[in-house]
Amino acid sequence: MPAMDTADFASLLRQYRRRSGLTQEELAERAGISAGAVSLMERGITLIPQRATLDMLSTALTLSGDETAIFFEKARLARLADNAVEAHVSSGDVGGGDLPIPFTPLIGREREQATLLALLGRDTTRLLTLTGPAGVGKTRLALELAATLRREQGQDVVFVGLIPIREPERI
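Every chain is numbered on its own, with residues counted from 1 as its sequence reads. Predicted model: local features are reported for residues with pLDDT of at least 70 only, side-chain atom pairs are reported and counted for 80 or more only, and whole-chain, interface and lining totals are derived from all residues. With hydrogens and water stripped out, all remaining heavy atoms of the structure feed into the side-chain values.

(A) Layout of a nonpolar patch on the surface. A contiguous nonpolar surface patch, about 290 Å² in accessible area, is contributed by V158, V160 and L162. Considering the arrangement of structural elements, one finds L162 in the segment after helix 7 (138-153). Nonpolar side chains (Val, Leu, Ile, Met, Phe, Trp, Tyr) are joined into patches within 5 Å and like charges within 9 Å, using only residues with over 30% relative accessible area and no salt bridge. Areas reported here follow the Shrake-Rupley algorithm with a probe of radius 1.4 Å; residue values treat only the protein chains shown as occluding. Every case where a carboxyl oxygen of Asp or Glu lies within 4 Å of a side-chain nitrogen of Lys or Arg is listed as a salt bridge. In DSSP terms, a helix is any run of H or I states spanning at least four residues, a strand is any run of E spanning at least two, and both are numbered starting from the N terminus.

(B) Seen up close, the pattern of salt bridges. Evaluation of the coordinates by the stated rule reveals 8 salt bridges. The shortest N-O distance in the salt bridge between R17 and E42 comes to 2.4 Å. Taken as a pair, R17 in helix 1 (residues 9-19) and E42 in helix 3 (residues 35-42) lie far apart in primary sequence, 25 residues in all. Residue class for R17 comes out buried when judged on its relative accessible area of 9%. One salt bridge in this structure joins E152 and R151, with 3.9 Å as the shortest N-O distance. Judged on exposure class, the residue E152 and its partner R151 are both exposed. One continuous salt-bridge network, built from bridges that share partners, spans R109, R111 and E112. The buried label goes to any residue with under 20% of its type's maximum accessible area, the exposed label to any with over 50%, and the partly exposed label to all in between, with areas taken from a 1.4 Å probe on protein chains only.

Right under this line is the structure:
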């Protein structure tokens, strides 16, 4: 495998996309993710994608075996750095204890937030699942809901990150 350069994950994704002659929208369509997700990843704003998203991106970019290995390694290193920052900045005053602190504000999701809070307020709601394409803000919305429930209703809320788990039986 060739030696890795110093480009971070965001820069490497942008480099591979441009080399393939694709716009962010074209890459998103080929990979089956949102154009917004590609934009956020390339700007280093969003969290590092899950394995399935990395697979879809590497296939859409038609990366060689060596390039795919570098791509995945950059994502792994970025995830490790992201986890270290997240662990360092978690505090009861800012993010609410064990909730990860979002790097961006939640904008324009008031209707969804109100609907989800109403659903969570029902006695019959035992589990609420948010679904959608990668990068649309499911985790960000869930974190905002958790913080709101903790702050405004005194609810006990715990964040359980499943991204590092590779074996389904561990869930």
